[in-house]
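What follows is each chain in one-letter form.
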Amino acid sequence: MEKLIITVAPTGSLPTKKMTPHVPITPEEIIDTGIRCEEAGASILHIHARNPVDESASTDYALFREIYEGLREKTHMILQISTGGRAGMAYEQRCERLRLKPEMASLTTGSVNFPDSVYENSPALIEALASDMSRLGIKPEMEIFDVSMISNALGLVDKGLAEPPLHFDFVMGLRGAIPASIENLVLLKNTIPPDATWTVAGIGPAQLTMGVHAILMGGHVRVGLEDNIYYRRGELATNEGLVERVVRLSRELGREVADADEARKILNLRNQDTG
Ligand code: ZN
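These notes cover the structure that comes with them. (Residues numbered from 1 in each chain as written. Predicted model: local features only at pLDDT ≥ 70, side-chain atom pairs only at ≥ 80, totals over all residues. Heavy atoms only, no water.)

### Quick word on the overall build of the protein chain
Here is the rule: Helix and strand assignments come from DSSP, with helices taken as H or I runs of at least 4 residues and strands as E runs of at least 2, each series counted from the N terminus. Using C-alpha atoms as the atom set, the radius of gyration is obtained and then compared with a globule rule of 2.2 Å times the number of residues to the power 0.38. Type-normalised accessible area, obtained with a 1.4 Å probe on protein chains alone, sets the label of each residue: buried when under 20%, exposed when over 50%, and partly exposed for intermediate values. Contact criterion: two residues are considered in contact whenever any of their non-hydrogen atoms come within 4.5 Å of each other. To be clear on the numbers: accessible area is Shrake-Rupley with a 1.4 Å probe, and residue cover counts the displayed protein chains and nothing else.
Looking only at helices and strands, the protein chain features 9 helices and 14 strands. A globule of 275 residues ought to have a C-alpha radius of gyration of about 19 Å, and the protein chain, at 17 Å, matches this closely. With respect to the three principal axes, the spread of C-alpha positions in the protein chain is 45 × 45 × 40 Å. Residues counted as buried form 55% of the 275 residues belonging to the protein chain. Contacts in the protein chain between residues far apart in sequence, at least 24 positions, make up 72% of those at least 6 positions apart. Roughly 11700 Å² of accessible area belongs to the protein chain as shown, and the carbon and sulfur atoms make up 51% of that amount.

Here is the structure:
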């Protein structure tokens, strides 16, 4: 079986220091976490920026640049910038960071009701972000919160806004999105094109269970405090601790873990950033 690609999503837009002291918030903390997670076996780092003062999700280009450049200098990982945004954030606020020309960026191909807000991604916004990524040679990771979002992603290929083979991330177990079950994971896997690659981001306790299924099914795994702050019930996790656990599980199950260059090949990245 293909080697396993481990993505770490260390920060996200929700967990705060009050919820867990292990969540990296400042650029310096995020960069240090990246170094530790690369050592542990992660080959992709999914980047969000936070306002260092109040920890709120930030769209500040300067912050994204500081994080991106620091990680580029100090690690060899594939850097994947999130284009996610809270309700009401305009396209302009979500696309500016793509100017950094990362190797990858996330692209959510539909809207979803989060527990207390709408995560709004209109067809026009999705197409505008996809078109930017295509022009800049950035590989989108299609963030799939429900089965219907797969057809939206395939529609981008029909419109010439995305190029196969596509790469998908199945976000499972978030209230308001597809529940985390093995039946649903099989359904999602069977709905994407056979040449596509996929990873799974289980939310909360589903991070471990969905991750194990993905290892066995030939998919890839995303872990990190963005999706889950616990190692097990009542015990807070560190990002590198979550990565280390997936490495151990994968090896025990007979699957080797890909380094960043192997991941670049598996994902057919165009902007291969070897600097
Ligand atoms: Zn994210």
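Next comes the rest of the account.
### Things to note about the side chain of Ser 250
Here Ser 250 shows up in helix H8 (residues 239–252). For Ser 250, a relative accessible area of 0% corresponds to the buried category. The residues touching Ser 250, leaving out its near neighbours within four places in the chain, are Leu 4, Ile 215, Arg 255, Glu 256 and Val 257.

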